[in-house]
Amino acid sequence: MAHFGRNSEYIRMEGKKPLDGRLQIQGSKNAALPILAACVLIPGKCVLRGCPCITDIECMCSLLKSTGAGVEHSGSQIAVDTCSVREYRLPEKYVSAMRSSVVLMGAVLGRLGEVHVNYPGGCVIGERPIDMHLYGLEKLGAQIWIDGNHIHAYADELRGAVIDLPFPSVGATQNIILAAATARGTTVIKNAAKEPEIIELCKFLNMAGARIDYAGTQLKAGRIVIQGVELSKLRGIEYEIISDRIVAGTYLFAALAAGGKITLENVPIRQLGSVCDTIRGMGAEIVIGEAENEMTINACDRDRITNIPYIETDVYPDFPTDLQSPLLVAACMAKGKLTVREKIFSSRFRIVEELRRMGAEIAIEGDTAIVTGGRELEGRTVIARELRGGAALVVAGLCASGITTVADSGFIRRGYQDIAGDFTKLGARISYGE
Ligand code: EPZ
């Protein structure tokens, strides 16, 4: 079973060694999870390749099995047979373990017409309501009852609707797409999320027989149009999961922070525009090998590494909130000041207290952090409290003098299949412990 919340795992490293080497980037957690959920909608057998070996994927596989689906998970390949899906009540222990369990609502509702689920769990990075998810499902004709922490959704028949999202929520867009795919009639999602993981979900569903217009002018205008199809028209398919832009970005910021030169392979290059602009703006060189999906960052000349004055996180294609914590660490190691405004989540500066204990100088003013760079970080025992902050603390340990221990590192395994193994390939002195 996956580890969530406090756990006895830790990662120990000795810092101050520039990174050097090359590394394959794993499959994308945030592309694989909604596509696994989408398998429930498709009566048949799907085979997904290139899935990351992480605990959130294990958790989603357990959820699929709880619906009655057959799941064969070997390495990065997952085969899902949903011919016998019939259970609409999803077990609390898995739903509470991660946020992305919520998109199973749209898939199970579309397949069975009913779903019982508790409020999802997930990283404590701020208020994470699901009001937009429920609004979208109700617009599609679902009746929803909430009893404390439990949500019961029921739909005699899902019908297409025009759904105008107040915010381009990734999860709400995914949930609506999944419920609308087999609804009667046409659904138009306005102000839809445009993340690459949304595109991947639409591509997967269309390959399986759905009719989703998600590209070109529609999406530029923030619209996704879904023509509902009969459930029987959907067929099981094989699909390759894209590589993980956030894991790739984490390692780019690690090289920027610790110094050195690394090459990443199997990188979703076109999804990292704002990240590469930021890193180049901070003085590192990035060379792209389009042919092999390779990206090399050279941050050896430490005199050149200087903070840009300001950046804010925003929806895709702007700077991703999931890389805000690794950016903070890189900013600690660069000259000058960086002001970072976190516009997506209400509490995503939780690693600042841990970084301060290592010697960082970071002031917090509401949704903004002001980092004064050029500080030496000292190795400490620090505590991971969520996935991306935990990964950023590992990056900080690679930059700090002496030994750093990142405790509760089970959070990190939710999204990084082997962060210590990856950094070892890049020349770091790092290992797991328990
Ligand atoms: C997805 O979360 C990702 N998770 C997150 O990655 C990512 O940070 C986020 O999108 C933004 O890109 C997965 O894909 C599994 P949202 P999601 O709905 O869908 C508010 C990681 O580390 N909101 O776009 O939960 C919400 O509170 C994770 O891999 C509502 O108010 O993100 C937040 O402030 C962390 N009501 C903002 O919108 C709703 O009904 C963005 O949330 C839904 C969302």
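Residues numbered from 1 in each chain as written. Predicted model: local features only at pLDDT ≥ 70, side-chain atom pairs only at ≥ 80, totals over all residues. Heavy atoms only, no water.

Points about the layout of surface pockets
The computed volume of the largest pocket comes to approximately 1,000 Å³. Taken together, 43 residues form the lining of the largest pocket, with Arg 99, Arg 128, Val 170, Gly 171 and Phe 345 sitting closest to its centre. The set of elements that each furnish at least two residues to the lining of the largest pocket consists of α1 (29-39), α5 (131-139), α6 (170-180), α9 (245-258) and α13 (387-399). (1 Å grid on protein atoms, 1.4 Å probe; cavity = no way out; pocket = protein on both sides within 12 Å on 5 of 7 lines; lining within 4 Å. Points joined across faces, edges and corners; volume = space filled by probe spheres on them. Helix = DSSP H or I, 4+ residues; strand = E, 2+ residues; numbered from the N terminus.)

Points about the pattern of salt bridges
Following the criterion strictly, the structure yields 21 salt bridges and no others. Taking the shortest distance from any N to any O, the salt bridge between Glu 265 and Arg 22 comes out at 2.4 Å. With Glu 265 in strand β14 (residues 260-265) and Arg 22 in strand β2 (residues 19-24), the pair connects residues that are 243 residues apart, well separated along the chain. Owing to a relative accessible area of 43%, Arg 22 belongs among the partly exposed residues under this scheme. Arg 22 is the salt-bridge partner of Glu 294, the closest N and O atoms lying 3.0 Å from each other. Residue Glu 294 is located in strand β16 (residues 294-298), and its partner Arg 22 is located in strand β2; the two are separated by 272 residues in the primary sequence. Overall, the relative accessible area of 18% leaves Glu 294 in the buried class. In the salt-bridge network here, residues are joined through shared partners; they are Glu 312, Asp 314, Arg 341, Lys 343 and Asp 367. (Salt bridge = Lys/Arg side-chain N within 4 Å of Asp/Glu carboxyl O. Buried < 20%, exposed > 50% of the residue type's maximum accessible area, 1.4 Å probe, protein only.)

Description of the environment of Ile 144
Take Ile 144: it is sitting in strand β7 (residues 143-147). The exposure class assigned to Ile 144 is buried, which follows from its relative accessible area of 17%. Spatially, the C-alpha atoms of Ile 144 and Glu 114 are 9.7 Å apart, while their sequence positions differ by 30 residues. Excluding residues within four positions of it along the chain, Ile 144 makes contact with Leu 134, Leu 137, Glu 138, Ile 151, His 152 and Ala 153. (Contact = heavy atoms within 4.5 Å.)

A short note on the nonpolar core
Within the largest apolar cluster, 84 residues are counted, with the highest numbers of intra-cluster contacts made by Ile 177, Phe 204, Leu 205 and Ile 224. Sort the elements by how many residues they give to this core and α1 lands first, with eight residues. With near-sequence residues (within four places) excluded, Ile 224 lies in contact with Thr 173, Ile 177, Thr 187, Val 188, Ile 189, Ala 192, Ala 193, Ile 198, Ile 212, Asp 213, Tyr 214 and Leu 219. In this structure, Leu 264, Ala 331, Met 358 and Ile 419 belong to the second largest nonpolar core, which totals 77 residues. (Core = buried A, V, L, I, M, F, W, Y, C linked by side-chain atoms within 4.5 Å.)

Observations concerning the sheet that holds strand β1 (residues 10-14)
Hydrogen bonding along the main chain pairs the strands of a sheet, whether they run parallel or antiparallel. Strand order in the open sheet made by the four strands is β21-β22-β1-β23, with mixed pairing throughout. Each edge of the open sheet carries a strand with a single partner, namely β21 (381-383) and β23 (429-433). Taking the axes of each pair of neighbouring strands and ignoring which way they run, one obtains an average angle of 20° across the sheet. Bridge analysis of β21 against strand β22 (residues 403-407) gives three bridges, and the strand direction is parallel. Along β22, the bridge assignment pairs Val 382 with Val 406. (Pairing = 2+ DSSP bridges. Axes fitted to C-alpha atoms, helices over the stretch in contact; angles between N-to-C directions.)

Re helix α10 (residues 273-281)
When we look at burial in α10, the residues that qualify are Ser 274, Val 275, Cys 276, Thr 278 and Ile 279. Backbone geometry just downstream of α10 places Gly 283 in the positive-phi region, at approximately 105°.

Examining the sheet that holds strand β3 (residues 45-49)
Taken in spatial order, the four strands make up an open sheet running β4-β5-β3-β13, and their pairing is mixed. Edge strands, defined here as strands with exactly one partner in the open sheet, are β4 (70-74) and β13 (238-240). The sheet shows a mean angle of 15° between the axes of neighbouring strands, taken without regard to direction. Summarising the sheet, β3 and strand β5 (residues 77-81) pair through four bridges and their orientation is antiparallel. Bridge pairing in β5 places Cys 46 opposite Val 80.

Considering the site of the ligand
Near the ligand, the surroundings consist of 23 residues, among which Asp 131, Met 132, Ser 169, Asp 322 and Ile 344 are the closest. At 2.9 Å from an oxygen atom of the ligand is found a side-chain nitrogen or oxygen belonging to Arg 99. One nitrogen or oxygen atom from the main chain of Met 132 is found 2.8 Å from an oxygen atom belonging to the ligand. Considering the ligand on its own, with 830 Å² of exposed area, one finds that the protein chains cover 89% of that surface. The cavity where the ligand resides is the largest pocket. (Near = heavy atom within 4 Å. Polar contact = N/O pair within 3.5 Å; in protein donor to acceptor, adjacent residues only side chain to side chain. Areas by Shrake-Rupley, 256 points an atom, 1.4 Å probe, with all protein chains shown as cover. Sits in = over half its atoms within 2 Å of the grid points.)

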